[in-house]
Amino acid sequence: MATWMDWSCSKCDFVFHGAGEHSALRSGTTTSIYCEGCEDVMDVLDAPPPWRRDKEAPVEPLACDHDKRHAIRPWTAKEPCPHCGEGTMIPDERTARCVD
Ligand SMILES: [Zn+2]
Ligand SMILES: [Zn+2]
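Reading the values: rules and limits
- Counting restarts for each chain: residues are numbered from 1 in the order of the written sequence.
- To read the labels, note that chains go from A and ligands from 1, taken in the order they are written.
- Restriction of local features to residues with pLDDT of at least 70 applies here, the model being predicted, together with a cutoff of 80 or more for giving and counting side-chain atom pairs; totals for whole chains, interfaces and linings are based on all residues.
- Side-chain measures here rest on the full set of heavy atoms in the structure, leaving out hydrogens and waters.
- Strands here are runs of E lasting at least two residues and helices are runs of H or I lasting at least four, both read from the DSSP assignment and numbered beginning at the N terminus.
- Radius of gyration here is computed from C-alpha atoms only, and the compact-globule reference equals 2.2 Å multiplied by the residue count raised to the power 0.38.
- Three labels apply to residues, based on accessible area from a 1.4 Å probe with only protein chains included: buried if under 20% of the type maximum, exposed if over 50%, partly exposed otherwise in between.
- By definition in these notes, contact holds between two residues if any of their heavy atoms fall within 4.5 Å.
- Note on areas: Shrake-Rupley with a 1.4 Å probe; residue coverage comes only from the protein chains shown.
- Charge convention: Lys and Arg are scored as positive, Asp and Glu as negative, and His as well as the terminal groups of each chain are ignored.
- A single reference atom marks each charge: NZ on Lys, CZ on Arg, CG on Asp, CD on Glu.
- Any carboxyl oxygen of Asp or Glu within 4 Å of a side-chain nitrogen of Lys or Arg constitutes a salt bridge here.
- Each metal's donors are the N, O and S atoms within 2.8 Å of it, or within 3.2 Å when it is Na, K or Ca, and because water is not part of the set, sites may look incomplete.
- Here a site with four donors is tetrahedral if all angles are between 85 and 135 degrees, and a site with four or six donors is square planar or octahedral if opposite donors are over 155 degrees apart and the other angles are between 65 and 115; anything else gets the irregular label.

**A short note on the overall build of the protein chain**
Here comes step 1: Within the protein chain, the secondary structure is distributed over zero helices and seven strands.
Here comes step 2: Taken from N to C terminus, the helices and strands of the protein chain fall in the order β-β-β-β-β-β-β.
Here comes step 3: Relative to the compact-globule value of 13 Å for 100 residues, the protein chain shows a C-alpha radius of gyration of 14 Å, a close match.
Here comes step 4: Along the longest, intermediate and shortest principal axes, the C-alpha atoms of the protein chain span 45 × 30 × 20 Å.
Here comes step 5: The 100 residues of the protein chain split such that 36% are buried.
Here comes step 6: Pairs at least 24 apart in sequence give 53% of the contacts found in the protein chain among residues at least 6 apart.
Here comes step 7: For the protein chain, the exposed area adds up to about 6300 Å²; of that, 51% sits on carbon and sulfur atoms.
Here comes step 8: Counting 11 positive and 18 negative side-chain charges, the protein chain places the averaged centre of each group 5 Å from the other.

Here you go:
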């Protein structure tokens, strides 16, 4: 289970929707990345669920959901805004919803 919500930067107009940190879903664990190509934060699977880990091929490297050629970097909402590099990300609790 993870809680996804809207996060907005205190300095610029950057907004993303997601967990903003490492979390565990039924389909596996996810981690947050920032894609330089899409200029967006996304939560991507970084490992399959435990019961599949032995049988499946090794986990693919982290990549953008939209285009694997995009340059990405790991990022969490505790770090400064990935867009302007200055602001802090502020969660909007009213938009929170649970995903699993
Ligand atoms: Zn991308
Ligand atoms: Zn910003």
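Back to the text.
**A closer look at the side chain of Thr-31**
Here comes step 1: Within the secondary structure layout, Thr-31 lies in strand β4 (residues 28-35).
Here comes step 2: Relative accessible area serves as the criterion here: at 14%, Thr-31 is assigned to the buried category.
Here comes step 3: With residues up to four places along the chain from it excluded, the contact list for Thr-31 reads Glu-21, His-22, Met-42, Asp-43, Val-44, Asp-46 and Leu-62.

**A look at the pattern of salt bridges**
Here comes step 1: Evaluation of the coordinates by the stated rule reveals six salt bridges.
Here comes step 2: Two residues, Lys-78 and Glu-21, come together in a salt bridge whose shortest N-O distance is 3.4 Å. With Lys-78 in the loop between β6 (72-74) and β7 (89-99) and Glu-21 in the loop between β2 (15-18) and β3 (23-25), this pair connects stretches of sequence that are 57 residues apart.
Here comes step 3: With a relative accessible area of 37%, Glu-21 lands in the partly exposed category.
Here comes step 4: Between Glu-36 and Arg-73 there is a salt bridge, and its shortest N-O distance comes to 2.9 Å. Of the two residues, Glu-36 sits in the loop between β4 and β5 (40-47) while Arg-73 sits in strand β6, which places them 37 residues apart along the sequence.
Here comes step 5: Residue classification places Arg-73 among the partly exposed residues on the basis of a relative accessible area of 31%.

**A closer look at the coordination of the zinc ion (ligand 2)**
Here comes step 1: Here the zinc ion (ligand 2) is held by Cys-9 (SG), Cys-12 (SG), Cys-81 (SG) and Cys-84 (SG), and the distances to it run 2.3 Å.
Here comes step 2: Classification of the site at the zinc ion (ligand 2) as tetrahedral follows from its four donor atoms and the range of 104 to 114° in their angles at the metal.
Here comes step 3: Taking relative accessible area as the criterion, Cys-12 reaches 22% and is therefore assigned partly exposed.

**A few points about unusual backbone geometry**
Here comes step 1: With a phi angle near 50°, Glu-39 is a residue other than glycine that sits in the positive phi range.
Here comes step 2: Relative to the helices and strands, Glu-39 resides in the loop between β4 and β5.
Here comes step 3: Overall, Glu-39 belongs to the partly exposed group, its relative accessible area being 45%.

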